[in-house]
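Chain and residue survey
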Amino acid sequence: MKILVIDDDLDFLESLHLMLIMKGHTVNPVTDGREAVTTYEEFEPDIVLLDINMPGMDGYEVFNRLKQRYADAKIYFMSGYSLDNEKYKAAKSQSLAGLLIKPIGLSDLDKILI
């Protein structure tokens, strides 16, 4: 499976990248929102794992841009926080695939990468 992972925390990004590679997936790690939008088009991932809290273009904006251009994009938000706000509710209504709560373990990944 081809997975685009977007997170500005380099340690977390590297850890998740390694876990996914160990599971046999092709992974493209990206550290910012603008790069993520461009990379999506070039990489054509099966799944996107998207951090919400990033400087510059946050995860909500990346989600909205990707969904406008690629309605079928399968996007999972990643967050260390409980989410109950209007932006999250709007994303859920636009077919957000799900939410992974950090720290993310192998069992969490197994549930979504079937």
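Now for a description of the structure that goes with this document. (Residues numbered from 1 in each chain as written. Predicted model: local features only at pLDDT ≥ 70, side-chain atom pairs only at ≥ 80, totals over all residues. Heavy atoms only, no water.)

So, on to the overall build of the protein. Within the protein, the secondary structure is distributed over five helices and five strands. Across the protein, helices and strands are ordered from the amino to the carboxyl terminus as β-α-β-α-β-α-β-α-β-α. In summary, the protein has a C-alpha radius of gyration of 13 Å against a globular reference of 13 Å for 114 residues, a match within 12%. In terms of principal-axis extent, the alpha carbons of the protein reach across some 35 × 30 × 25 Å. Burial analysis of the protein (114 residues in total) assigns 45% to the buried set. Total accessible area on the protein stands at roughly 6,200 Å², and carbon and sulfur atoms take up 48% of it. Between the averaged position of the 12 positive side-chain charges in the protein and that of its 19 negative side-chain charges there is a distance of 6 Å. (Helix = DSSP H or I, 4+ residues; strand = E, 2+ residues; numbered from the N terminus. Rg over C-alpha atoms; globule rule 2.2 N^0.38 Å. Buried < 20%, exposed > 50% of the residue type's maximum accessible area, 1.4 Å probe, protein only. Areas by Shrake-Rupley, 256 points an atom, 1.4 Å probe, with all protein chains shown as cover. Lys, Arg positive; Asp, Glu negative; His and termini not counted. Charge placed at Lys NZ, Arg CZ, Asp CG, Glu CD.)

A few words on a negative patch on the surface. On the surface, Asp 8, Asp 9, Asp 11, Glu 14, Asp 32 and Glu 35 cluster together to form a negatively charged patch. Topologically, Asp 9 is positioned in the loop between β1 (2–6) and α1 (10–22). (Patch = residues over 30% accessible without salt bridge, like charges linked within 9 Å, V, L, I, M, F, W, Y side chains within 5 Å. Salt bridge = Lys/Arg side-chain N within 4 Å of Asp/Glu carboxyl O.)

Judged by nonpolar contacts, the single largest core of 23 residues is most densely connected at Ile 6, Leu 50, Val 62, Ile 75 and Phe 77. For this core, the elements supplying multiple residues, two or more each, are β1, α2 (33–43), β3 (47–51), α3 (59–69), β4 (75–79) and α4 (86–93). Once you skip the residues sitting within four places of it in the chain, Val 62 turns out to touch Gly 33, Ala 36, Val 37, Leu 50, Met 54 and Met 57. One finds Ile 3, Val 27, Leu 49 and Met 78 within the second-largest nonpolar core, a separate group that totals 17 residues. (Core = buried A, V, L, I, M, F, W, Y, C linked by side-chain atoms within 4.5 Å. Contact = heavy atoms within 4.5 Å.)

Residues of strand β5 (residues 98–101) alternate between two faces, with Gly 98 and Leu 100 buried on one and Leu 99 and Ile 101 left unburied on the opposite face. Bridge count between β4 and β5: four bridges; the pairing is parallel. When the bridges of β5 are listed, Tyr 76 appears paired with Gly 98. (Pairing = 2+ DSSP bridges.)

Taken as a whole, this structure holds four aromatic pairs when the rule is applied. Here Tyr 60 and Phe 77 contribute two aromatic rings whose centre-to-centre distance is 5.3 Å and whose plane-to-plane angle is 80 degrees, an arrangement assigned as edge-to-face. Here Tyr 60, found in helix α3, pairs with Phe 77, found in strand β4; they are 17 residues apart in sequence, far enough to count as distant. Assigned by exposure class, Tyr 60 and Phe 77 land together as buried. (Phe/Tyr/Trp six-rings, centres within 6.5 Å; stacked < 30°, edge-to-face > 60°.)

It is worth spelling out the environment of Tyr 70 at this point. Its location among the elements puts Tyr 70 in the loop between α3 and β4. Separated by 30 residues in sequence, Tyr 70 and Tyr 40 place their C-alpha atoms 9.4 Å apart. There is a polar contact of 2.9 Å between the side chain of Tyr 70 and the side chain of Glu 41. (Polar contact = N/O pair within 3.5 Å; in protein donor to acceptor, adjacent residues only side chain to side chain.)

Let's shift gears to the sheet that holds β3. Sheet architecture is open: five strands sit in the order β2-β1-β3-β4-β5, paired in parallel fashion. Since the sheet does not close on itself, it has two edges, and those belong to β2 (26–30) and β5, each with one partner. Sheet twist, expressed as the average angle between the axes of neighbouring strands with direction ignored, equals 20 degrees. Helix-sheet contacts for α1 involve β1, β2, β3 and β4, and the interaxial angle to β2 is about 170 degrees. (Axes fitted to C-alpha atoms, helices over the stretch in contact; angles between N-to-C directions.)

Take it as geometry only, folks, not as evidence of what the structure does.
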